[in-house]
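# Architecture and fold: a report
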Amino acid sequence: MNSVPADGPDPVRAEITLTVNGSEHRLGIDTRASLLDTLREDLGLTGAKKGCDHGQCGACTVLLDGRRVNACLALAVAHDGADVVTVEGLARDGRPTRLQEAFLAHDALQCGYCTPGQLCSATAVLDELGRGLPSAATPDPAAEPVPDDAEIRERMSGNLCRCGAYAGIVAAVREAARA
Amino acid sequence: MTDRLEGWEKVTGAARYAYEYPLENVAYLAAVQATVARGEILAVDAEAALGMPGVLAVLSGGNAPRLAPVDDGELAVLQSRRVAYRGQFVAAVIAETPETAAEAARHVRVEYAPEAADVLLRADHEGLYAPEKVNGGFPADTESGDPDAAFAASAVRVDATYTTPAEHNNPMEPHTTVALWEDDGTLVLYDSNQGPSAVQSTLAEVFGLEPAQVRVISEHVGGGFGSKGTPRPNVVLAAMAARVTGRPVKFAVPRRQMWATTGYRTPTIQRVRLGAGLDGRLDAVIHEVVAQTSAVREFAEQAAVPARMMYRAANRRTRHRIVRLDVPSPSWMRAPGETPGMFALESAMDELAVLTGVDPVELRVRNDAPEDPESGLPFSSRNLVACLREGAARFGWDARDPRPGVRREGRTLLGTGVAAATYPASTRPGEAVARAEPDGTFTVRVAAADIGTGARTALAVIAADALKTDLGKVRMEIGDSRLPRAVVAGGSAGTSSWGTAVVRACEALLVRLNGEIPPEGVEARASTADEVRSRQKYARHAFGAHFAEVAVDLDTGEVRVPRMLGVFAAGRIINPKAARSQFVGGMTMGIGMALLEESIMDEAFGDHVNRDLAQYHVPTCADIRKIDAVWVPEADPHLNPMGAKGIGEIGIVGAAAAIANAVHHATGARFRDLPITPARVLAEL
Ligand code: FES
Ligand code: FES
């Protein structure tokens, strides 16, 4: 662990373009940088959180080309040209989304640190349900999934909340799914 | 039913946590951890790391600034050649980017003279000793009557040993700091903690500064659950690195490093003996606890303390023994003492219920204590019985068939269990300032921390009440050590302590207000030191009861909790919306404690092996089904001006026992060792 030989060359850098929340950014990045660190440290978009940096908590969830991903597991250099939406990009013109409103109404947050990831994840869940994609909790994978509690819990289980706001999160997603 | 004041910031990503303040010219820190559990550092070779482009400095024992010694030996970061536990910080790299810092940290070579390490807690360890005090300032041992004789003479006896494993707090936001030194020598810390005033005074001591030379900003904190209640080594390390490099330094403890460096709940081994009559009335209560501490910091988990006040019994002994092991320092984790202690006591009560045939709810009602058995003081209020009755009615307890192992649906066994909860209702001294602005609004200042409790909102509600104004007219300022001094968000004493100061400041302000408010505003300050010290003597505690239903899979041994209800008596509930989340959040962590959470100590390496969230399981969304918390009305005039008891911790107390008792009801097997994993269950089915 302590015996890795060091070599001297400068870190390898690359130029990439990312469209984040609708704005295009030309970025010079370290090729070792994760998408999460690029968003947080280079673009100052600190909405996406770092809870584990290992793909184990979901705090860093963002929408990458429309799909939810753990931004800590994505190398920025591998996503040249990608379209990224973070929690900062969910509300448009200061108008909350149904999900954001439902999170507040159901107190689906406490410390708020998992919340951006929960919201990005839930945004994708609504989309996945809308497109009829099944989950492990879908009784009949061939049929249209119903946004009941079991279905929502299963789909939201990649986002840990140590404060234990799950009951509120499920209620909020259910409400937004049925609106 | 008030929404969180910072809710909008939190759902839009605008809320700034410690790591997220935009600063120029920042550098990044990555720490190096000891790879032996005990020994001496012989040499630190930083050459390779220093040769990497972008590396600014490597700190280790040889070149780190000297610090003033403080009580908590964990804060003597890089001050000694001794390694006290595996994972202790032994060096740090500061670099231009997080990627370079992390990579360079892997190239720092540390040579050790390892020594045999002692890392396993045993009830017969020869190093066990009685600490002078246990956490909370309580005596280690108490005894009244003749517990041994009374136990021996009892008609019904429970004598059982319960164990709880090491558990890690794991707030979702890691321990993070951005440290910078201003030109005038002021240390500024954007830091994730449970109390900026406490971090300020401790860091001032460590760096030999006046408290006014340290500023701690903690506006939003992503959870703590006790682990951020005292400054941990990370904040000291960041401050040192900023001093050495002359740059603002950012350090977020990686999740895997949190296991060793940011505290955890000690494992416990608890022997409980209950002696009772055939009617279940207790005559003897004996609760003896064995726990661990580290070589650098004494922490004595007060797990037998609740047995001192929970039930009436003429004969009682409680005892704590701890042993210094070569392990990371245990510390506070949500309801230290009560959480493991009430798992043991409330499991033993269930065993007594089974032996006597008395219904578990009725057994607790029968043993309710009219006054504090230890001090003889009256309770300021005690509504345990009301919680039990209310919960029984709501949960449908009366229809319960007490026979274990008889409810089977397909390949699932069903059962229900109950356990009581308690937590002290403390109030500590503090200060607050209330200010009337010329535009008719008010600003209320107190150095409180909102770690997700809803403190900011609760204090605004309290202030609006005291000022007889609308909530919308009150602006709360918290989370900054420059604000009036406040206790940490800990011991469920935050809202009670801060709220008392806020009410007094608001009252003082109202007295001063007459007519027009001048352009500079009107301000009043309050300190509650005298008020808190001169309070009448009462035993002040919150109470509660958990009701849990479990489903046990006969094929996999997996335990699920389809339904759980908590009923609490905690004085006036200031903001029902956030309060419910606090209770349910505690119960959720209790489900984790019962079924999932365990940090496994590897004797060969002398360290916890499952140091991440893939291997240390906390409850996920799918683990939590029907769960709710309610409360009974309780008017208690002896607490504080709000009539409120703290609610941050009681939700976890007793929760694991209710589940374990339900598993017994479902299966007929008694699980005395947590967590109740499929492997343990399968072995008993
Ligand atoms: S930070 Fe990416 S999953 Fe935890
Ligand atoms: S709200 Fe704190 S971790 Fe989810």
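Residues numbered from 1 in each chain as written. Chains lettered and ligands numbered in written order. Predicted model: local features only at pLDDT ≥ 70, side-chain atom pairs only at ≥ 80, totals over all residues. Heavy atoms only, no water.

## Considerations on the domain arrangement of chain B
Residue and element names in this part refer to chain B. Annotation of chain B at the domain level lists domain 1 (16–333), domain 2 (337–426 + 537–685) and domain 3 (431–533). Taking only C-alpha atoms into account, the centre of domain 2 sits 35 Å from that of domain 3. Listed by partner, the interface residues are 16 residues for domain 2 and 19 residues for domain 3. Approximately 1200 Å² of surface area, both sides summed, lies buried where domain 2 meets domain 3, with 57% of it carried by carbon and sulfur atoms. At the junction of domain 2 with domain 3, the criterion picks out one salt bridge. Measuring nitrogen to oxygen at the nearest pair gives 3.1 Å for the salt bridge that ties R572 to D465. For the pair domain 2 and domain 3, the number of links is five residue pairs in polar contact (both at pLDDT 80 or more). Listed by contribution, the elements that provide at least two residues to the side of domain 2 that touches domain 3 are β19 (412–424) and α14 (576–595). Broken down by class, the residue content of the side of domain 2 that touches domain 3 amounts to eight nonpolar, six polar and two charged. (Domains from an automatic or database assignment. Contact = heavy atoms within 4.5 Å. Buried area = accessible area lost by both parts, 1.4 Å probe. Salt bridge = Lys/Arg side-chain N within 4 Å of Asp/Glu carboxyl O. Polar contact = N/O pair within 3.5 Å; in protein donor to acceptor, adjacent residues only side chain to side chain. Helix = DSSP H or I, 4+ residues; strand = E, 2+ residues; numbered from the N terminus. Nonpolar A, V, L, I, M, F, W, Y, C, P; charged D, E, K, R; others polar.)

## Details of the side chain of T588(B)
For T588(B), the position within the fold is in helix α14. Judged by relative accessible area, T588(B) falls into the buried class, the value being 3%. Setting aside anything within four residues of it in sequence, one finds T588(B) in contact with G164(A), Y166(A), P619(B), I624(B) and I627(B). (Buried < 20%, exposed > 50% of the residue type's maximum accessible area, 1.4 Å probe, protein only.)

## Overview of the interface of chain B and chain A
Contacts between the two partners involve 65 residues from chain B, matched on the other side by 57 residues from chain A. At the boundary of chain B with chain A, total buried surface from both sides reaches about 4800 Å², with 57% on carbon and sulfur atoms. When the area that chain B buries against chain A is broken down by residue, the three leading residues are V11(B), M172(B) and C621(B), summing to 16%. Summed over the shared surface of chain B and chain A, the result is six salt bridges. The partner of K49(A) in a salt bridge is E20(B), and the shortest N-O contact between them spans 3.0 Å. Viewed at the interface, chain A and chain B are joined by 26 residue pairs in polar contact (both at pLDDT 80 or more).

## Examining the sheet that holds strand β22 (residues 474–477) of chain B
All names here are of chain B. A sheet is described by the order of its strands in space; here four strands give the open sequence β22-β21-β20-β23, paired in mixed fashion. Bordering the open sheet on either side are β22 and β23 (522–527), each of which pairs with just one other strand. Pairs of neighbouring strands in the sheet enclose a mean axial angle of 15°, with direction left out of account. Strand direction decides the pairing type here: strand β21 (residues 442–445) and β22, joined by four bridges, are parallel. What sits directly across from T443, in β22, is R475. Its contacts with the sheet place helix α11 (residues 455–467) against β21 and β22, and it is angled at close to 135° to β22. Each of β20 (431–436), β21 and β23 touches helix α12 (residues 494–512); the most contacted strand, β23, lies at about 140° to it. (Pairing = 2+ DSSP bridges. Axes fitted to C-alpha atoms, helices over the stretch in contact; angles between N-to-C directions.)

## Observations concerning the environment of D80(A)
Residue and element names in this part refer to chain A. Tracing the sequence through the fold places D80 in the loop between β4 (67–70) and β5 (83–85). Separated by 65 residues in the primary sequence, D80 and E15 place their C-alpha atoms 8.3 Å from one another. Once residues within four sequence positions are removed from consideration, D80 is found in contact with E15, I16 and T17. From its side chain, D80 meets the backbone nitrogen of T17 in a polar contact 2.8 Å long.

## As for the packing of α14(B) against helix α15 (residues 655–667) of chain B
All names here are of chain B. As a packed pair, α14 and α15 sit with axes 8 Å apart at the nearest point and diverge in direction by 50°. Between α14 and α15, the angle is such that the two are oblique. The crossing of α14 and α15 is right-handed. Facing α14, whose interface residues are M587, G590, I591, M593, A594 and L595, α15 presents A655, A656 and I659. (Parallel < 35°, antiparallel > 145°, perpendicular 65-115°, else oblique. Left-handed = near helix turned anticlockwise from the far one by under 90°.)

## Thoughts on the nonpolar core
All names here are of chain B. Membership of the largest hydrophobic core comes to 135 residues, with the highest contact counts inside it found for L274 and I659. Not counting residues up to four positions away in its chain, the partners in contact with I659 are A548, V550, V561, M564, G590, I591, A594 and L595. Listed in part, the 41 residues of the second largest apolar core include A449, A466, L483 and A486. (Core = buried A, V, L, I, M, F, W, Y, C linked by side-chain atoms within 4.5 Å.)

## Some remarks on the domain arrangement of chain A
All names here are of chain A. Structurally, chain A comprises domain 1 (13–88) and domain 2 (98–178). Look at where the C-alpha atoms of domain 1 and domain 2 centre, and you get two points 22 Å apart. Listed per partner, the contact involves 17 residues of domain 1 and 16 residues of domain 2. Taken together, the two surfaces of domain 1 and domain 2 that pack against each other cover about 1200 Å², and 55% of this comes from carbon and sulfur. When the residues that make up the side of domain 1 that touches domain 2 are grouped by side-chain class, the tally is six nonpolar, seven polar and four charged.

## With respect to the environment of T97(A)
Residues and elements named next belong to chain A. For T97, the position within the fold is in the loop between β5 and α2 (98–105). Put simply, T97 and T123 are 26 residues apart on the chain and 9.4 Å apart in space, counted from C-alpha to C-alpha. The residues touching T97, leaving out its near neighbours within four places in the chain, are L90 and A91.

## Here we look at the side chain of H168(B)
Along the polypeptide, H168(B) turns up in the loop between β10 (156–164) and β11 (176–181). In this structure H168(B) comes out as buried when scored by relative accessible area, which is 3%. Of the polar contacts made by the side chain of H168(B), one reaches the backbone oxygen of W259(B); its length is 2.8 Å. Beyond its immediate stretch of four places on either side in the chain, H168(B) contacts R162(A), M258(B), W259(B), G263(B), Y264(B), M333(B), E597(B), S599(B), H608(B) and Y616(B).

## Remarks on the packing of aromatic side chains
Residues and elements named next belong to chain B. In total, this model carries eleven aromatic pairs over all chains according to the counting rule given. Measuring from centroid to centroid gives 5.8 Å for F583 and W631, while their planes differ by 45°, and the two rings are tilted. With F583 in helix α14 and W631 in strand β28 (residues 626–631), this pair connects stretches of sequence that are 48 residues apart. What makes W631 partly exposed here is its relative accessible area of 28%. Members of the aromatic cluster, connected to one another through ring pairs, are F395, W397 and F547. Across the ring face of F151, the terminal group of R273 is positioned such that the distance to the ring centre comes to 6.0 Å. (Phe/Tyr/Trp six-rings, centres within 6.5 Å; stacked < 30°, edge-to-face > 60°. Lys NZ or Arg CZ within 6 Å of the ring centre and 35° of its normal.)

## A few points about the pattern of salt bridges
All names here are of chain B. A full pass over the atoms with the stated rule returns 68 salt bridges over all chains. In this structure, E173 engages K228 in a salt bridge whose closest nitrogen and oxygen atoms are separated by 3.2 Å. Here E173 is found in the loop between β10 and β11, whereas its partner K228 is found in the loop between β13 (214–217) and α6 (233–245), with 55 residues between them in sequence. On the accessibility criterion, E173 (1% relative accessible area) is buried. The class of K228 is buried, set by a relative accessible area of 2%. With its nearest N and O atoms 2.5 Å apart, the salt bridge here joins D480 to R215. Of the two residues, D480 is situated in the loop between β22 and α12 and R215 in strand β13; the sequence distance between them amounts to 265 residues. Among the charged side chains, a network of salt bridges with common partners joins R435, E437, R445, R475, E477 and E523.

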